[in-house]
Amino acid sequence: MLSFAAAVEPLRIANRMSGQSLYRWSLVSVDGKEVRCSNGARVMVDGPLCETGRDDIVIVCGGIDVRTNTTPPVVNWLRKVARKGAVIGGLCTGAHTLAEAGLLENRRATIHWENRDGFLEEFTDTELTKSVFVIDGNRLTAAGGTAAIDLVLTMIADDHGKDLANSVADQLIYTTIRTDRDIQRLSIPTRIGVRHPRLSRVIERMEQSIEEPVSPADLAEEVGMSTRQLERLFRRYLNRSPKRYYMELRLARARNLLMQTELSVINVALACGFTSPSHFSKCYRAQYGTTPYRERGAHGLDDELGAEPGDEDPLGDLDDLD
């Protein structure tokens, strides 16, 4: 709902501040019925999916269940709209729907950081960025949350000048309009609450090397430390060993992939640096209290194997939970 309101309200305020009807909009759903947001609020719409003109802008607002709601009628309608050359955008997970319709092939785009891993696995022909929003020709994507404000304010500035966009931002108590060069997530030091250059570099390296994990010894060497010094650094600031922290990163990535994609459990394991499904299951259970197979089933996706592996097959020190 935040992305939805963040897109509509700047348009309303632009009309008010200019004293003109610069923008008109209508809300549509697949069947013309009201839509229920994830917070329980219900939004009335103006009608079902309808005919659009070449000069219309179509914005898809996606939420948690974007996969379920990316239905054939929606995909076919978007393709029909695209053939007319219209501008089409996606807010938050709406980018997934655009990609499913083939509208982001060989395009730059963005999506909420939480959905980034799943998107990258499914849509390899899209250049996914970490920006708060992306405008690539007649395709618009915003990362979700308040990023829709930045996208729409940029559109207002392009259409009617920066003065109006700034006036709208003032009304929104929005002090800084971000650009497509601003990234979504907080910096690593801000996220972990620690400003230590070497620690940040190691964590960044870990995040970049999920599929092919790097040993603690190599990580330490890259930042000019001994393995023992790296161990003490992690214990002091994060209260866990480098191996444990790395494992948590990999398992968090695995959980995202299990819930957001149709990748088999084996492929999820491989994408997160595990070469043994049984060891992956063991580590996953230790972290989340359930196996990846049960996690997948709990979210309505059947895995192609359909059963849990039974044999334990530890991979070695890097994969061992402390």
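Shown above is the structure to which this text applies.
Residues numbered from 1 in each chain as written. Predicted model: local features only at pLDDT ≥ 70, side-chain atom pairs only at ≥ 80, totals over all residues. Heavy atoms only, no water.

Novice: What is the right way to look at the pattern of salt bridges in this model?
Specialist: Side chains that carry opposite charge are capable of pairing whenever their charged atoms lie near each other. This model, assessed by the stated rule, comprises 14 salt bridges. For the salt bridge of E51 with K80, the shortest nitrogen-to-oxygen distance reads 2.8 Å. Pair noted here: E51 is in the loop between strand 4 (47–48) and strand 5 (57–62) and K80 is in helix 3 (residues 72–83), with a separation of 29 residues, a long-range link. Accessibility expressed as a relative area gives 36% for K80, which makes it partly exposed. For R244, the salt bridge identified is with E248, shortest N-O distance 3.0 Å. With R244 and E248 both in helix 12 (residues 242–260) and four residues apart, this pair spans about one turn of that helix. The network of salt bridges with common partners includes E51, K80 and K84. (Salt bridge = Lys/Arg side-chain N within 4 Å of Asp/Glu carboxyl O. Helix = DSSP H or I, 4+ residues; strand = E, 2+ residues; numbered from the N terminus. Buried < 20%, exposed > 50% of the residue type's maximum accessible area, 1.4 Å probe, protein only.)

Novice: Honestly, the side chain of T97 in this entry has me stumped. Any pointers?
Specialist: Mapped onto the elements of the fold, T97 is located in helix 4 (residues 94–100). The buried category is assigned to T97, whose relative accessible area is 4%. What T97 contacts, discounting residues up to four positions off in sequence, is V60, V66, T70, V74 and L78. (Contact = heavy atoms within 4.5 Å.)

Novice: Would you mind showing me how to read the sheet that holds strand 5 here?
Specialist: Sheet strands line up and pair through hydrogen bonds in the backbone, either parallel or antiparallel. Taking strand neighbours across the sheet as the criterion, the four strands line up as 5-6-10-9 in an open arrangement whose pairing is mixed. Each of the sheet's edge strands pairs with one partner strand only, and the pair in question is strand 5 and strand 9 (133–136). Along the sheet, successive strands turn relative to each other by an average axial angle of 10°, direction set aside. Of the pairings in the sheet, the one linking strand 9 to strand 10 (residues 139–142) comprises four bridges and is antiparallel in character. (Pairing = 2+ DSSP bridges. Axes fitted to C-alpha atoms, helices over the stretch in contact; angles between N-to-C directions.)

Novice: I keep staring at the pairing of strand 6 (residues 87–92) and nothing clicks. Help me out?
Specialist: The element strand 6 is extensively covered by neighbouring structure, given that five of its six residues are classed as buried. Pairing geometry for strand 5 and strand 6, over six bridges, is parallel. By the bridge assignment for strand 6, I59 is matched with G89. In this structure, strand 6 lies alongside strand 10, joined through four bridges in parallel fashion. Across the sheet, the residue bridging to I88 is R139, located in strand 10.

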